[in-house]
Amino acid sequence: MTQPANTAVVGLQWGDEGKGKIVDLLTAKHDAIVRYNGGANAGHTIVIGDQKYALHLIPSGILTPGKICIIGNGVVVDPEKLLDEIRTLRERGVEIGEKLRISSRAHVVMPYHKEHDAALENMLARAVSAGGRDHSIGTTKRGIGPCYADKIHRSTAVRVGDLLRTEHLRRKLETICAIRTVELKALGVEAEPLDAASLTERYAAIGQTLAPHITDTTYLLHELIRDGRSILFEGANACLLDIDHGTYPYVTSSNCSTLGIPAGTGLPGTHINRVLGIMKAYSTRVGAGPFPTELDNEIGEQIRQRGREFGTTTGRPRRCGWLDIVAVRYSAMICGATAIACMLLDVLSGLDELKLCTRYRLPDGTETDRFTPDAEALSEVEPIYETLPGWSEDLTGLTERSELPAAAQNYLDRIESLVGVPIEIVSIGPERTQTLMASEVTVGG
Ligand code: GDP
Ligand code: IMO
Ligand code: MG
């Protein structure tokens, strides 16, 4: 028997590339969909007809009946947000049941993580008024960094499995609350001391509600593979936000490139058969950090309005700019992309000309085609552009790739040859049907 292909879907830029749409599409050809990193900082949008769904923690495969959806050990789970998400989906007629599986070793985002995240960001931003520099990251304030920090600290961490052992949880929280109360006060949070007893009660109750979903997802995944089932890995955040390989320190706190898959699921990398890199036809970024091709002008505003570039999780306006080939080529290299899905191509209709950043000029005047994930160094590069003709046609109703205007086809061809990875999927609108597949592409399995 030939083993079905397992596919990784990963963002090649700074997030919001359209991963949710593509995971939803590829779900049909896979048996299980697994999140391996991040938490409720992710916002994955799926549009099905007149229905729009925004998923933060639950894999985007949940909208297809019968698929197993797994939250792997590498995810940080805010259980209250998760319960909200389950409730909202159920109210809209989406069946959840036991097909949702949560790793007992995933870490729990507690309320004090969110308070810590917000307080630290505020403190870093306030340094400006004292004549300092704004070092805030522009996080989503979902408690992601503090929760992953506790994972590394170990002694102050709470894992999903701990929610099922009330006395153990109480003992842990007694120590943690004493420490966190002092820390939050030092960060300027004026609040009552954290109450271990009420937190224990609240989170043990959540544990009971989630109990039917909690399991050892590592064994589950290995059993699925052994039984010849195919797995779809759903990356959250994106390669340039990866804690090790992104534009540090303006990154998130997990390995969101494909390099995070083995650690975040317990499946060795040899099980990843193909990697679909998701790339917008231009660039966006939310939060702080260097962005060489940023367009702080009318064209940037036009892209923001046409692409409805406002955050799915926080509603913040996204910074917009030209496609940065240097950055995408780097991400494709780090993630091992075997194919690319080019998203939101329709948004570029109506621009007279388009620019692709193919090289950077360094402060010493030399040029490079290498990306640097060092934020200080990246903030000093100057983009060198190649200019291509634009097109005016509306792309949103096309059904075949061959119907694309010549200038749009030329734009894609140029990207493909500069990045060196084939563009197998072109997306021309948010809906499932607004997707052009290369004729030889099968989407999985
Ligand atoms: P994700 O975090 O990578 O899943 O992406 P988000 O959902 O945060 O942001 C992508 C946005 O673009 C969502 O609002 C999608 O509905 C929308 N979208 C996806 N593909 C396309 C496309 O090809 N064209 C347009 N116009 N919108 C798209
Ligand atoms: P999806 O999965 C876009 C960004 C935040 C901030 C930085 C750190 O929807 O593509 P964090 O709250 O993680 O500590 O914030 O990372 N960020 C994202 N930006 N899309 C995302 O996820 C993101 N997840 C984190 O804006 O700059
Ligand atoms: Mg998003």
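Scroll up to find the structure.
This write-up is about the structure you can find in this document. (Residues numbered from 1 in each chain as written. Chains lettered and ligands numbered in written order. Predicted model: local features only at pLDDT ≥ 70, side-chain atom pairs only at ≥ 80, totals over all residues. Heavy atoms only, no water.)

Assignment of secondary structure puts Cys335 in helix 10 (residues 325-335). In this structure Cys335 comes out as buried when scored by relative accessible area, which is 4%. For Cys335 and Ser257, which are 78 residues apart along the polypeptide, the C-alpha to C-alpha distance reads 5.7 Å. Each residue touching Cys335, except ones within four places of it in the same chain, is listed here: Val10, Leu12, Cys239, Ser257, Thr258 and Val275. (Helix = DSSP H or I, 4+ residues; strand = E, 2+ residues; numbered from the N terminus. Buried < 20%, exposed > 50% of the residue type's maximum accessible area, 1.4 Å probe, protein only. Contact = heavy atoms within 4.5 Å.)

This part is about the site of ligand 2. Taken together, 20 residues lie near ligand 2, and Lys19, His44, Thr140, Asn237 and Thr252 sit nearest. In the environment of ligand 2, an oxygen atom lies 2.8 Å from a nitrogen or oxygen atom belonging to the backbone of Asn237. Counted by class, the shell around ligand 2 contains seven nonpolar, 10 polar and three charged residues. If you count residues domain by domain, the shell around ligand 2 takes at least three from each of domain 1 (7-102 + 216-437) and domain 2 (107-212). (Near = heavy atom within 4 Å. Polar contact = N/O pair within 3.5 Å; in protein donor to acceptor, adjacent residues only side chain to side chain. Nonpolar A, V, L, I, M, F, W, Y, C, P; charged D, E, K, R; others polar. Domains from an automatic or database assignment.)

We now examine the sheet that holds strand 11 (residues 274-280). Here 10 strands make up an open sheet; going across it, the order is 9-7-5-2-10-1-11-15-19-20 and the pairing mixed. With partners counted over all chains shown, the strands left at the sheet margins are strand 9 (214-215) and strand 20 (435-437), one partner each. Against the sheet, helix 12 (residues 406-419) contacts strand 11, strand 15 (339-343) and strand 19 (423-427), and its axis sits at roughly 140° relative to strand 19. (Pairing = 2+ DSSP bridges. Axes fitted to C-alpha atoms, helices over the stretch in contact; angles between N-to-C directions.)

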